[in-house]
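Listed below, chain by chain, are the residues.
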Amino acid sequence: MKCSSAPAALLLTVIATLVSLLGTGCARVSAVDAEQADLVVEAAQEPPLTANTLHADLRLAPLRCELPPVEMSASGQRQFVQTALNCLAEVWDSTLHSAGMAVAPLDLVVVDSVTSGCSKQVRPTDAAFYCGGRVYWPADDPIHQGWGSLLEHYLLFVVMHEYGHHLQSSTGILRTADRDIDTAGERSPLGLELSRRIELQAQCLAGVMLAAARSGGMMTPSTAAELIDIQSDVAEDPAHGTGANSRRWVETGYRTASTSSCNTWAATPDEVE
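No experiment lies behind these values; they were computed from the predicted model shown.

Chemist: Just to check I follow, could you spell out the nonpolar core for this structure?
Modeler: Taken as a class, soluble globular proteins show a tendency for nonpolar side chains to be buried jointly. Counting 66 residues, the largest nonpolar core has Leu63, Trp92, Trp137, Met160, Met209 and Leu210 as its most contacted members. Broken down by secondary-structure element, the contributors of at least two residues to this core are α3 (74-97), β1 (107-111), β5 (134-138), α4 (151-170), α5 (173-184), α6 (189-215), α7 (221-229) and α8 (243-256). Here this core gets 12 residues from one element, more than from any other, and that element is α6. Other than its neighbours up to four places away in sequence, leucine 63 contacts Cys87, Leu88, Val91, Met160, Met209, Ala212, Ala213, Gly216, Gly217 and Met218. Counting 5 residues, the second largest nonpolar core, distinct from the first, contains Val122, Phe129, Cys131 and Tyr136.

Structural data, given as structure tokens:
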């Protein structure tokens, strides 16, 4: 999920370069200097994470996706996940368009053998993840086993979480947050806190989608409640947060059914532990 970063000291470097060039009467900036200047301007123009337009009171129309039966073969999962992604794209595109935004294109990569992706090797037994406008969906993730009658709804929730990351990417949140993580250090306390804010916001956005699925008749309130409850059992790690907070943010999105409740960037540190 890492993007190119623009260090804070870069602005001084670019200014010094421009002053030097102007002082010698040169009217041309090199391609490298121009690219650096563009990064600085882009960073200066981005709103703070707490003020992103995604944090307005945006609400989804009821979700009524007609999903195919779940088949755990790679091709069966591809059909299920792609159908769910298409349905989410349609409803989110309408919602974001009303707020002057748009959903970026999204690709699906079903991993049924070791694949190079996102600057690493992805194995079929890895967990699903989002990176660079793609959802990577390992076909043999062991956590997909043993869900019984809840399997379809569980897989749909995983798709919703990854789509939450795509919304963060489409609205510029990931670009800004990843640059801040690069500056702080990925495994530094601040870098890990920023990563948790990313992941917990995706959980909350998935909760908003759960509410739309429930209102559209795709699942019963009891099934939605069960999906929320099992979030407490997720494996805790410093980049994703505690099970209690994971559950709490999903429930918040579900209860309010509004993206305005998913502003983890304005939350206190203990709310994103």
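Chemist: It is not clear to me how the state of the cysteines should be interpreted in this structure. Could you clarify?
Modeler: Covalent bonding between the sulfur atoms of two cysteines is what defines a disulfide. The final tally for this structure, using the stated rule, is 3 disulfides. Residue cysteine 118 pairs covalently with cysteine 131 via a disulfide, S to S 1.9 Å. Negative torsions about the S-S bond denote left-handed disulfides, and the value of about 65° found for cysteine 118 with cysteine 131 makes this one right-handed. Residue cysteine 118 is located in the loop between β2 (115-117) and β3 (120-122), and its partner cysteine 131 is located in strand β4 (residues 129-131); the two are separated by 13 residues in the primary sequence. In this model cysteine 204 forms its disulfide with cysteine 262; the gap between the sulfur atoms is 2.1 Å. Between cysteine 204 and cysteine 262, the disulfide has an S-S torsion of -75° and is therefore left-handed.

Chemist: Looking at this model, I keep getting lost on the environment of glutamate 271. Mind explaining?
Modeler: Mapped onto the elements, glutamate 271 comes out in the segment after α8. The spatial distance from the C-alpha of glutamate 271 to the C-alpha of serine 246 is 9.7 Å, given a sequence separation of 25 residues. Filtering out sequence-adjacent residues up to four positions away, glutamate 271 remains in contact with Leu200, Asn245, Arg248 and Trp249.

Chemist: For this particular structure, what's the right way to read the packing of α5 against α6?
Modeler: Two quantities define a packed helix pair, namely the angle between the helix axes and the distance between the axes. One can describe the packing of α5 onto α6 by two numbers: an axis separation of 8 Å at closest approach and a directional angle of 160°. Our classification of the angle between α5 and α6 gives roughly antiparallel. Two packed elements cross with a definite hand, and for α5 against α6 that hand is left-handed. Between α5 and α6, the contacting residues are Ile173, Leu174, Ala177, Asp178, Asp180, Ile181 and Ala184 on the first element and Leu190, Gly191, Leu194, Ser195, Ile198 and Gln201 on the second. For the contact of α5 with α6, a count of residues per class yields 8 nonpolar, 3 polar and 2 charged.

Chemist: Got a minute to help me understand the packing of aromatic side chains in this structure?
Modeler: Any pair of aromatic rings gets described here by the distance separating the centres and the angle formed by the planes. Within this structure, the stated rule accounts for 2 aromatic pairs. For the ring pair phenylalanine 129 and tyrosine 136, a centre distance of 4.8 Å and an interplane angle of 10° mean the geometry is stacked. Residue classification places tyrosine 136 among the buried residues on the basis of a relative accessible area of 7%. On the numbers, 4.2 Å between centres and 15° between planes, the contact of tryptophan 147 with tyrosine 154 is stacked. Residue tryptophan 147 is classed as partly exposed on the basis of its relative accessible area of 24%. Classification of tyrosine 154 as buried rests on a relative accessible area of 10%.

Chemist: Would you mind showing me how to read the environment of proline 105 here?
Modeler: When you line up the elements, proline 105 lands in the loop between α3 and β1. Judged by its relative accessible area of 74%, proline 105 falls in the exposed class. With 61 residues separating them along the chain, proline 105 and histidine 166 place their C-alpha atoms 9.2 Å apart. Look past the residues within four positions of proline 105 in its chain and what remains in contact with it is Gly133 and His166.

Parameters at a glance
- Residues numbered from 1 in each chain as written.
- Predicted model: local features only at pLDDT ≥ 70, side-chain atom pairs only at ≥ 80, totals over all residues.
- Heavy atoms only, no water.
- Core = buried A, V, L, I, M, F, W, Y, C linked by side-chain atoms within 4.5 Å.
- Buried < 20%, exposed > 50% of the residue type's maximum accessible area, 1.4 Å probe, protein only.
- Helix = DSSP H or I, 4+ residues; strand = E, 2+ residues; numbered from the N terminus.
- Contact = heavy atoms within 4.5 Å.
- Disulfide = S-S within 2.5 Å.
- Axes fitted to C-alpha atoms, helices over the stretch in contact; angles between N-to-C directions.
- Parallel < 35°, antiparallel > 145°, perpendicular 65-115°, else oblique.
- Left-handed = near helix turned anticlockwise from the far one by under 90°.
- Nonpolar A, V, L, I, M, F, W, Y, C, P; charged D, E, K, R; others polar.
- Phe/Tyr/Trp six-rings, centres within 6.5 Å; stacked < 30°, edge-to-face > 60°.

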